Amino acid sequence: MPRVMPIYFDNNATTPCDPRVVEAMIPYLGERFGNPASRNHAYGWEAQEAVELAREQVAALIGATAKEIVFTSGATESNNLAIKGAALYYEKKGKHIITVATEHKAVLDSCHALERDGFEVSYLDVKADGRIDLDVLAAAIRPDTILVSVMFANNEIGVIQPVAEIGALCKEKGVLFHCDAVQALAYVPVNVEALGIDLLSISAHKMYGPKGIGALYVRRGRPRVRLQALIDGGGHERGLRSGTLPTHQIVGLGKAAELCKEAIEGGEVEKIRALRDRLWSGLQAELDELYLNGSWEHRLPNNLNVSFAYVEGEAMMMGIKRIACSSGSACTSASLEPSYVLRALGVDVELAHTSIRFGLGRFNTAAEVDEALAIIVEKVKFLREMSPLYEMFKEGIDLKSIQWEAH
Ligand SMILES: *Cc1c(COP(=O)(O)O)cnc(C)c1O
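Keep in mind it's a predicted model, so treat the numbers as computed, not measured.

**Some words on the overall build of the protein**
Phase 1 of the analysis: Secondary structure summary: the protein contains 14 helices and 13 strands in total.
Phase 2 of the analysis: Relative to a compact globule of 407 residues, whose C-alpha radius of gyration would be 22 Å, the protein shows 23 Å and is just as compact.
Phase 3 of the analysis: With the C-alpha coordinates aligned to their principal axes, the bounding extent of the protein is approximately 80 × 55 × 35 Å.
Phase 4 of the analysis: Expressed as a percentage of the 407 residues in the protein, the buried residues total 54%.

**Here we look at the domain arrangement of the protein**
Phase 1 of the analysis: When its domains are assigned, the protein resolves into domain 1 (19–264) and domain 2 (268–397).
Phase 2 of the analysis: Taking the mean C-alpha position of each, domain 1 and domain 2 sit 31 Å from one another.
Phase 3 of the analysis: Taken together, the contacts link 32 residues of domain 1 with 26 residues of domain 2.
Phase 4 of the analysis: Of the roughly 2300 Å² buried between domain 1 and domain 2 on both sides combined, carbon and sulfur atoms contribute 60%.
Phase 5 of the analysis: Seen at the junction of domain 1 and domain 2, the total is zero salt bridges.
Phase 6 of the analysis: The interface formed by domain 1 and domain 2 contains 14 residue pairs in polar contact (both at pLDDT 80 or more).

**Some thoughts on the pattern of salt bridges**
Phase 1 of the analysis: Per the counting criterion, the structure on display carries 21 salt bridges.
Phase 2 of the analysis: Note that E371 is salt-bridged to R322, the shortest N-O span being 3.0 Å. Residue E371 is located in helix α13 (residues 366–385), and its partner R322 is located in the loop between α10 (313–319) and β11 (323–324); the two are separated by 49 residues in the primary sequence.
Phase 3 of the analysis: Take E371: its relative accessible area is 34%, and that puts it in the partly exposed class.

**Some thoughts on the packing of helix α3 (residues 75–90) against helix α4 (residues 105–116)**
Phase 1 of the analysis: With their axes 9 Å apart at the nearest point, α3 and α4 run at an angle of 30° to one another. Regarding α3 and α4, the two cross each other, and that crossing is right-handed. Contacts between α3 and α4 pair T76, N79, N80, I83, K84 and A87 from the former with A106, V107, S110, C111, A113 and L114 from the latter.
Phase 2 of the analysis: In terms of residue class, the contact of α3 with α4 is made up of seven nonpolar, four polar and one charged.

**A few points about a positive patch on the surface**
Phase 1 of the analysis: Judged by side-chain charge, K67, R224, R226 and R238 come together as a positively charged surface patch.
Phase 2 of the analysis: Looking at R238, the relative accessible area reads 45%, which means it is partly exposed.

**Quick notes on the layout of surface pockets**
Phase 1 of the analysis: The calculated volume of the largest pocket comes to roughly 750 Å³.
Phase 2 of the analysis: Lining the largest pocket we find 26 residues, and of these A309, Y310, E350, L351 and L389 sit closest to its centre.
Phase 3 of the analysis: At the level of secondary structure, the elements contributing two or more residues to the lining of the largest pocket comprise α10, α12 (349–353) and α14 (388–394).
Phase 4 of the analysis: Classifying every residue of the lining of the largest pocket gives 14 nonpolar, five polar and seven charged.
Phase 5 of the analysis: Within this model, the second largest pocket holds a volume of roughly 380 Å³.
Phase 6 of the analysis: Forming the boundary of the second largest pocket are 17 residues, of which R39, E52, R55, E237 and L245 lie nearest the centre.
Phase 7 of the analysis: The set of elements that each furnish at least two residues to the lining of the second largest pocket consists of α2 (42–62) and β2 (69–72).
Phase 8 of the analysis: When residues in the lining of the second largest pocket are grouped by element, the largest group, four residues, is from α2.
Phase 9 of the analysis: When the residues that make up the lining of the second largest pocket are grouped by side-chain class, the tally is seven nonpolar, four polar and six charged.

**Examining the site of the ligand**
Phase 1 of the analysis: Residues in close proximity to the ligand total 13 residues, the closest being T76, D180, S203, H205 and K206.
Phase 2 of the analysis: S203 places a side-chain nitrogen or oxygen 2.6 Å from an oxygen atom of the ligand.
Phase 3 of the analysis: Relative to its free-state accessible area of 380 Å², the ligand is covered by the protein chains to the extent of 88%.
Phase 4 of the analysis: Top contributing element to the shell around the ligand by residue count: α3, with three residues.
Phase 5 of the analysis: Residue composition of the shell around the ligand, grouped by class: three nonpolar, eight polar and two charged.

**A look at the pairing of strand β4 (residues 120–124)**
Phase 1 of the analysis: Here five bridges tie strand β3 (residues 96–100) to β4, and the two strands are oriented parallel to one another. Of the residues in β4, the one forming a bridge with I97 is V121.

**Here's the deal with the packing of aromatic side chains**
Phase 1 of the analysis: Per the counting criterion, the structure on display carries eight aromatic pairs.
Phase 2 of the analysis: Between Y187 and Y208, the ring centres sit 6.4 Å apart and the planes meet at 80°, which makes this aromatic pair edge-to-face. Of the two residues, Y187 is situated in the loop between β6 (176–180) and α7 (192–195) and Y208 in the loop between β7 (199–203) and β8 (214–218); the sequence distance between them amounts to 21 residues. Of the two residues, Y187 and Y208, neither departs from the other in class, the shared state being buried.
Phase 3 of the analysis: Ring geometry for Y208 versus F363: centroids 5.9 Å apart, planes at 80°, classification edge-to-face. Taken as a pair, Y208 in the loop between β7 and β8 and F363 in the loop between β13 (355–359) and α13 lie far apart in primary sequence, 155 residues in all.
Phase 4 of the analysis: The rings of Y187, Y208 and F363 are connected pair by pair, giving a single aromatic cluster.
Phase 5 of the analysis: Note that R362 overlies the ring of Y208, its terminal NZ or CZ placed 4.1 Å from the centroid.

The rules we used
Residues numbered from 1 in each chain as written. Predicted model: local features only at pLDDT ≥ 70, side-chain atom pairs only at ≥ 80, totals over all residues. Heavy atoms only, no water. Helix = DSSP H or I, 4+ residues; strand = E, 2+ residues; numbered from the N terminus. Rg over C-alpha atoms; globule rule 2.2 N^0.38 Å. Buried < 20%, exposed > 50% of the residue type's maximum accessible area, 1.4 Å probe, protein only. Domains from an automatic or database assignment. Contact = heavy atoms within 4.5 Å. Buried area = accessible area lost by both parts, 1.4 Å probe. Salt bridge = Lys/Arg side-chain N within 4 Å of Asp/Glu carboxyl O. Polar contact = N/O pair within 3.5 Å; in protein donor to acceptor, adjacent residues only side chain to side chain. Axes fitted to C-alpha atoms, helices over the stretch in contact; angles between N-to-C directions. Left-handed = near helix turned anticlockwise from the far one by under 90°. Nonpolar A, V, L, I, M, F, W, Y, C, P; charged D, E, K, R; others polar. Patch = residues over 30% accessible without salt bridge, like charges linked within 9 Å, V, L, I, M, F, W, Y side chains within 5 Å. Areas by Shrake-Rupley, 256 points an atom, 1.4 Å probe, with all protein chains shown as cover. Lys, Arg positive; Asp, Glu negative; His and termini not counted. Charge placed at Lys NZ, Arg CZ, Asp CG, Glu CD. 1 Å grid on protein atoms, 1.4 Å probe; cavity = no way out; pocket = protein on both sides within 12 Å on 5 of 7 lines; lining within 4 Å. Points joined across faces, edges and corners; volume = space filled by probe spheres on them. Near = heavy atom within 4 Å. Pairing = 2+ DSSP bridges. Phe/Tyr/Trp six-rings, centres within 6.5 Å; stacked < 30°, edge-to-face > 60°. Lys NZ or Arg CZ within 6 Å of the ring centre and 35° of its normal.

Following this line, the structure appears as structure tokens:
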């Protein structure tokens, strides 16, 4: 029996692969199977041409040149290569790195690994809206700082960092700027020149491409960025990332990048924003005690992260199974810890447990938003009817003033 799949509102976790991307990839799983490194025959040449076209497509999305694109297995690898690769190459210049508490684990854990190797890392706090304070960043930069790594947009709350200002500051101080732009590339114009980015991480499966492929942009001029390779082998990708290039995956990433550029320039992104806004206004019209997590103004157009006070997080997730989305608990592990990102914003533990991330995307419809709205509103009202705390809140009792009896 075919399984009825839920409405997919988890596009910050992964996106469906666009059928046009799949179509572009298929010949490279079939008759065009050549190794792009084979220089002596047409099988190799056609594969290499496909790889170079994809390199141009990825470069065009971010205002770079094709030579600055290094293909990797995904953004986890790109983040590792950017951070560890820069740290190991420039360690004689200094051993201090700056990043932010709300970064993706691939950045944070790369930094933790470097700390074990004698590097020093400053983890900046964020403000209540999820953005860093530029003065705090400026004050953290030291003579021995070699790299600043700040993401473009956060994967949980969609908050966009002041990237251009960070780029300008890093340039002024002569420090490299790495930016994990995975979440932004499908929705926001990104130009590495205008933004002063030296290293930028890309992942195909967050932008309607296939899983298992990504890229790292590595600046070639003003300044020329050097990295220590992490994988040794045949010297592919100018020695920065050895390993036979997965042609079909790379073709998919290239096509995905081309389609994202069209979507951003052609207004498709505004349709996604309208759906997200429809969801948020619909919730606000029917429910009280909703708390938006992270800045509204500086936010990806496809993300909504909201806490539903006075509902039990797990019961809520069970109740809205018709909708595929993520809760603010258990995001990082099998245990029910509240999200470290929400905690960094100062969201209290109770509210963090009731938070839900809705990630809309290219293939969602207004009908899906309306169906989801009806389900969520009904479920929240139902759960709150059973909540004595919500009843007390409605009666105007200040819950914070109550002296709970110890058990
Ligand atoms: C998904 C994600 C990654 C990891 O990308 P993979 O290609 O899955 O390894 C890194 N950073 C951010 C912000 C992400 O959302």
